[in-house]
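Residues per chain are reported as follows:
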Amino acid sequence: MAVESIGSQQHPKIAPWNDPVIRGWVFQVVVVGLVGLLAWYLVSNTVENLARQKIASGYAYLSHEAGFEIGDSMISYSPADTYARAILVGMLNTLKVAVLGIILSTILGTLIGIGRLSPNWLLAKICESYVEAFRNVPLLLWLFLFYKIISEAFPGPRQAISFLGSIFLSNRGLYFPVPAANPVHAWMGLGLLVAIAAAFAVHRWGRKRQEATGEPFPSIWTGAGLIVGVPLLIWLAGGAPHQMSWPALRGFNFVGGTVIQPEFTALLLGLVVYTSAFIAEIVRSGILALNKGQSEAAAALGLSRAQAMRLVLLPQALRLIVPPMTSQYLNITKNSSLAIAIGYPDLVASVNVTINQTGQAIENIVIIMVAYLSVSLSISAFMNWYNKRIALRER
Amino acid sequence: MTDVPVGERRQLPPPTTDSGAWGWIRQNLFSSWGNGITTVALVLAIVWLLNWFIEWAVLTAVWTAPSGQDCRGHGACWALIHEKYRYIFFGSFPYEQHWRPLFAVIAMLAMLILSADRRMWNKRLIWIWSIGSFVSFLLMFGEINLSSSLIFSIVLIVGVAGATLRSTAGSAAEINAWRAVAGIGFVGLMLRLLGLLPAFTISIAPLSYVETSLWGGLPVTIILATYGLLFAFPLGILLALGRRSHLPLIKGLCVGFIELIRGVPLISLLIMASVMLPLFLPSGVTIDKFLRALVAVILFAAAYIAEVVRGGLQSLPKGQYEAADAMGLTYFQKTALVILPQALRVVIPPLINTFIGFFKDTSLVLIIGIFDFLNTANQALVDPKWAGFPSEVYLFAAFVYFCFCFSMSRYSKYLETELNKGTRR
């Protein structure tokens, strides 16, 4: 055979059953067909079962009256409200626990992770014991333990431990006075958001100026002043409403004021101590992965240990820490669904009651899945954006 | 001094302040003022806590008592554990038959411990797990009924697995033998399905039958975690391979399944298994609650294992795939003989960590009313005679969980260094 014909040679004819492209498609069609067949089988069974048990389908029930109490709610809710509102209340509770859990366990986890690297042997060992003790026992067990301790070790409302006659600690939770509802508060909240945004802007501007001129700007103090000052000014401008709502024992429980419930406390405490053990390990391995020269160079420059940690080590370790941290944040969000076991009304708990009352399992499970998937995807998207922002810009 | 040559100078001992116990304390506890203050504060806190704990848990504790009443006003009520430990470990399993779950747990632990030994990582493991599983489930159920279709299916699977695994290494006669086994299974199964072969059942019933609703405690936790992961493993490998596949439909299906499962909490899957699975099946067919929970755990675990295995697949250099292709291996041969053996080796330590996670997460099945170890501990508190001592029971349960998880995490760490010995500098 002539050599020059190799490049221009036609592919030898291959039988269609040996062609990898055709085989691939046949295989895919067969697999998809089998999955489709299974789905069709399940759906037809379901339709038949639903018809036989006379269970309605569709989301019409969402506008019906829910008729069940919810112990903790961020928005006004009564049993006369609709299922949709009950589920929304649950969703907000899930978000509240998740956001607080993420913030607190990040702080605690970072402190313990750094503590494990402390030159003080005793402190390092204590932090190590903390990590091993909390992450090797199921979260659910911690939730039960904390909940039972709070609800059984504290006295009933009548024997509540009181501080200054206005803060009451009992097995119904911690009651404390809050300012009575006033329209000025909404404006103060808005002012706070604006102040936070402004503080960020000032911080960025200050850093840019420092990079350009070397002149530092006290952006942390300015920011703190803004965040405290703006709402305070709005409060004064609104006539400084100072009426308070005081908790008082009425019958078997307290009325007035506001309450942190034992279910909420136990859930948050459990999530934070459990997850912070994992976060501590992530932070520690992130810092350990850095070249030893980084901490030595920082020491040689005369930075103190705290300064070296804050200005040199943590910013670099952050790049290694963020991806595994993202999955821990997702875990907190998903684990907050354990609330149902100790009776805190989160999303799954609300939906579970709805399933039991309406019998419409499929629609409700779809609600849970969509809600968690959207929260998970938002967290992932945010953390991916953040990860990209702090990533090493290679030139 | 200067007149002594360098090599002949007397070796001086290190300064006494830097060596020995005193030196160690100076360096690790009192290296600076701040450090010293921290140490003193921590020692005081520890002494105070330990003092309180030992007084509660040992000095004023009640070890045996007829009822919880006698514990009031004292320290820890360990008498409650003494009274209830058999319920906490074995649940509602008939009391005089408790030796059965005990030996089942011992058998399963023995299997796990034997599997931890690297010298056993070969064909022996298959025999250990087949025989061990059979013995454990025989002990738990008391009788095992093998229907004819099940027997033929097992024969078919064993034959196909043998023929494929030995397809390159075995002699022609051996492969033909495996094919014959598979053929017998296939023909038998077909004849049975067509109704040409009468149905028969092999019953092995040396003990009285105990249904799964009576199972409880430690065996349930171990079975859910171990067998959940065991069945999820092949599924997870298939999903991981599917996710790395070039076929768009397969890839889409696998990515969709993995991300859907990983995006929702296990509880929602368990609730789904308990309320939706009955709707999915034809009317009249009911699935045991225990099996439903196992199905949910398997699906959940498969998605997580798939991601771990994918990490292993991605860690392989591309040359491995290309070399296998150049050798003219088919996709199946390439995957089974070249890719998976290397990829799975890398992911053994993370897989053990997944197992630890699932060992803890199986406690969630108590939401749908299965009596795992945590749930039986919970139920032990319900007895009005012993009400009011939750800390003792939960600390006891936490201790048991800790022993399992801590030893597994230590093993995982040891294995990681052991497996990396070849590549470490």
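Residues numbered from 1 in each chain as written. Chains lettered and ligands numbered in written order. Predicted model: local features only at pLDDT ≥ 70, side-chain atom pairs only at ≥ 80, totals over all residues.

K.L.:
Would you take a moment to explain the packing of helix 2 (residues 20-52) of chain A against helix 9 (residues 248-263) of chain B for this structure?
P.N.:
Each pair of packed helices gets described by two things: the angle between the helix axes and the distance between those axes. Closest axis-to-axis distance for the helix 2 of chain A/helix 9 of chain B pair is 8 Å, and the angle between their directions is 35°. Facing A:Gln28, A:Val31, A:Val32 and A:Val35 of helix 2 of chain A, the residues of helix 9 of chain B in contact are B:Leu249, B:Ile250 and B:Leu253. Residue composition of the contact of helix 2 of chain A with helix 9 of chain B, grouped by class: 6 nonpolar, 1 polar and no charged. (Axes fitted to C-alpha atoms, helices over the stretch in contact; angles between N-to-C directions. Helix = DSSP H or I, 4+ residues; strand = E, 2+ residues; numbered from the N terminus. Contact = placed C-beta atoms within 7 Å. Nonpolar A, V, L, I, M, F, W, Y, C, P; charged D, E, K, R; others polar.)

K.L.:
Got a minute to help me understand the environment of A:Glu281 in this structure?
P.N.:
All names here are of chain A. Within the secondary structure, Glu 281 sits in helix 8 (residues 262-288). Residue classification places Glu 281 among the buried positions, given that 20 C-beta atoms sit within 10 Å. Discounting residues that sit within four places of it in the chain, Glu 281 has contacts with Gly 113 and Val 131. (Buried ≥ 20, exposed ≤ 12 C-beta atoms within 10 Å, placed from the backbone.)

K.L.:
Is there a simple way to think about the nonpolar core in this case?
P.N.:
Generally speaking, soluble globular proteins have nonpolar side chains that are buried together. By size, the foremost hydrophobic cluster in this structure holds 150 residues, and its most contacted members are A:Leu141, A:Leu143, A:Leu267, B:Leu270 and B:Ala301. When residues in this core are grouped by element, the largest group, 15 residues, is from helix 8 of chain A. Excluding anything up to four places from it in sequence, A:Leu267 contacts A:Val97, A:Leu143, A:Ala339, A:Ile342 and A:Tyr344. (Core = buried A, V, L, I, M, F, W, Y, C linked by C-beta atoms within 7 Å.)

K.L.:
Help me understand the interface of chain A and chain B in this model?
P.N.:
It is common to give the size of an interface as the accessible area lost on bringing the parts into contact. Each partner contributes to the interface: chain A provides 46 residues, whereas chain B provides 42 residues. Counting residues per element, the ones that place at least two in the side of chain A that touches chain B are helix 2, helix 4 (121-135), helix 5 (139-153), helix 11 (339-342), helix 12 (347-358) and helix 13 (361-390) of chain A. Broken down by element, the side of chain A that touches chain B gets its largest block of residues, 13 residues, from helix 2 of chain A.

K.L.:
What is the right way to read helix 7 (residues 219-237) of chain A from this model?
P.N.:
In an α-helix, one turn spans 3.6 residues, which is why side chains three or four residues apart end up on the same side. Residues and elements named next belong to chain A. Counted at 1.5 Å a residue, the expected span for helix 7 with its 19 residues is 27 Å, and the 26 Å between its end C-alpha atoms agrees. At Gly 229, helix 7 shows its largest kink, close to 25°, and the proline Pro 231 lies no more than four residues downstream. Of the surrounding secondary structure, the elements contacted by the buried residues of helix 7 are helix 6 (183-213). Looking at the residues trailing helix 7, positive phi occurs at Gly 239, about 90°. (Expected span 1.5 Å × (residues − 1). Bend = angle between axes of the 7 residues up to and from the residue.)

K.L.:
Looking at this model, I keep getting lost on the pairing of strand 3 (residues 173-176) of chain A. Mind explaining?
P.N.:
Consecutive side chains along a regular strand alternate between the two faces of the sheet. Residues and elements named next belong to chain A. Summarising the sheet, strand 2 (residues 167-170) and strand 3 pair through 3 bridges and their orientation is antiparallel. Counterpart to Phe 168 in the pairing with strand 3 is Tyr 175. Counted between consecutive antiparallel strands, the loop separating strand 2 from strand 3 contains 2 residues. Direction of pairing for strand 3 relative to strand 8 (residues 258-260): antiparallel, over a ladder of 3 bridges. In the strand pairing of strand 8, Leu 174 is matched with Ile 260. (Pairing = 2+ DSSP bridges.)

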